[in-house]
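# Coordinate inspection notes
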Amino acid sequence: METFHQEKYAELGIDHAFIQDNYSHSTHGTLRGLHYQLKHPQGKLIYVITGKIFDVAVDIRRGSPTFGQWAGQYLSDQNRRQIFVPEGFAHGFCVISKTADVLYKTTDLYNPDDEYGVLWSDPAIGIDWPVKAPIVSDKDKQFPGLGVVPEAQLPIYD
């Protein structure tokens, strides 16, 4: 399976330089997100090696005509789909299969001092997660709803 081909992605409008690869192993019902970075924004190219996830991107860019809207896609080792989440979007996923191994390329290095998030269950966003009682980390449970995130902590649409 070819997981990345720079020229093919550039033809599709994804001409970012990826500089870090990340790996996540999670069990059924785990929900991670919704995460974003502000000073060191990361575009992410996500794909699944084993298992199945529901992957979500939310536009949180101030001034964007699609602010607060989300898009979701099922990614699995069977369908071999990938999703690109641009800088300025919050990202999350939940595991549908027994376990899932997820890889993602990023356009900037991870910076632990630049972690932000939006509450995964924010009713104003209204994500239709396929897992109704997910396993969510304490950190992710504490994120605010999008409507109360201070403007200075949101990316700007340009």
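All of the points below concern the structure found in this document. For clarity, every value in this text was computed on a predicted model and none was experimentally measured.

A count of helical and extended segments in the protein gives 2 helices and 10 strands. N-terminal to C-terminal, the α/β element order of the protein is α-β-β-β-β-β-β-β-β-β-β-α. Here the C-alpha radius of gyration of the protein, 15 Å, is about what a compact globule of 158 residues would show, namely 15 Å. Dimensions of the protein, computed from C-alpha atoms along their principal axes, come out at roughly 40 × 35 × 30 Å. Within the protein, the proportion of its 158 residues that are buried is 46%. Sequence-distant contacts, at least 24 apart, represent 83% of the contacts inside the protein between residues at least 6 apart. Looking at the protein as shown, the accessible area adds up to about 8,500 Å², and 51% of this sits on carbon and sulfur atoms.

Moving on, we come to the packing of aromatic side chains. A full pass over the atoms with the stated rule returns 6 aromatic pairs. Where Phe54 meets Trp70, the ring centres are 6.3 Å apart and the plane angle is 75°; that geometry is what we call edge-to-face. A residue pair is termed long-range when its members are at least 10 positions apart, and Phe54 in strand β4 (residues 52-59) and Trp70 in strand β5 (residues 70-76) qualify at 16 residues. On the basis of relative accessibility, which here comes to 31%, the residue Trp70 falls in the partly exposed class. Note on Phe54 and Tyr74: the rings are 4.9 Å apart at their centroids and 50° apart in plane angle, and the pair reads as tilted. Placement of Phe54 in strand β4 and of Tyr74 in strand β5 is noted, with a sequence separation of 20 residues between them. By relative accessible area, which is 33% here, Tyr74 ends up partly exposed. Taken together, the ring pairs connect Phe54, Trp70, Tyr74 and Trp129 into an aromatic cluster. Sitting over the ring of Tyr74, Lys52 keeps its end group 5.0 Å from the ring centre. Here Lys105 stacks its cationic end above the ring of Phe4, 5.3 Å away from the centre of that ring.

Moving on to the sheet that holds strand β1 (residues 20-27). As summarised here, the arrangement of the 4 strands in space is β1-β8-β3-β6, forming an open sheet in which the pairing is antiparallel. Only two strands of the sheet have a single partner each, and these edge strands are β1 and β6 (82-85). Strand-to-strand twist across the sheet, computed as the mean angle between neighbouring axes with direction ignored, equals 25°. When strand β3 (residues 44-50) meets β6, the two strands line up antiparallel, connected through 4 bridges. Pairing of Lys44 across the sheet is with Val85, part of β6.

Of all hydrophobic cores here, the largest spans 20 residues; its most connected members are Leu34, Tyr36, Val58, Ile60, Val118 and Trp129. Elements with a contribution of two residues or more to this core: β2 (30-36), β4 and β7 (89-95). Other than its neighbours up to four places away in sequence, Tyr36 contacts Ile60, Phe89, Ala90, Asp114, Glu115, Tyr116, Gly117, Val118, Val149, Gln153, Leu154 and Pro155. Judged by nonpolar contacts, the second largest core, of 12 residues, contains Ile46, Val48, Ala57 and Phe89.

Conventions we followed
- Residues numbered from 1 in each chain as written.
- Predicted model: local features only at pLDDT ≥ 70, side-chain atom pairs only at ≥ 80, totals over all residues.
- Heavy atoms only, no water.
- Helix = DSSP H or I, 4+ residues; strand = E, 2+ residues; numbered from the N terminus.
- Rg over C-alpha atoms; globule rule 2.2 N^0.38 Å.
- Buried < 20%, exposed > 50% of the residue type's maximum accessible area, 1.4 Å probe, protein only.
- Contact = heavy atoms within 4.5 Å.
- Areas by Shrake-Rupley, 256 points an atom, 1.4 Å probe, with all protein chains shown as cover.
- Phe/Tyr/Trp six-rings, centres within 6.5 Å; stacked < 30°, edge-to-face > 60°.
- Lys NZ or Arg CZ within 6 Å of the ring centre and 35° of its normal.
- Pairing = 2+ DSSP bridges.
- Axes fitted to C-alpha atoms, helices over the stretch in contact; angles between N-to-C directions.
- Core = buried A, V, L, I, M, F, W, Y, C linked by side-chain atoms within 4.5 Å.

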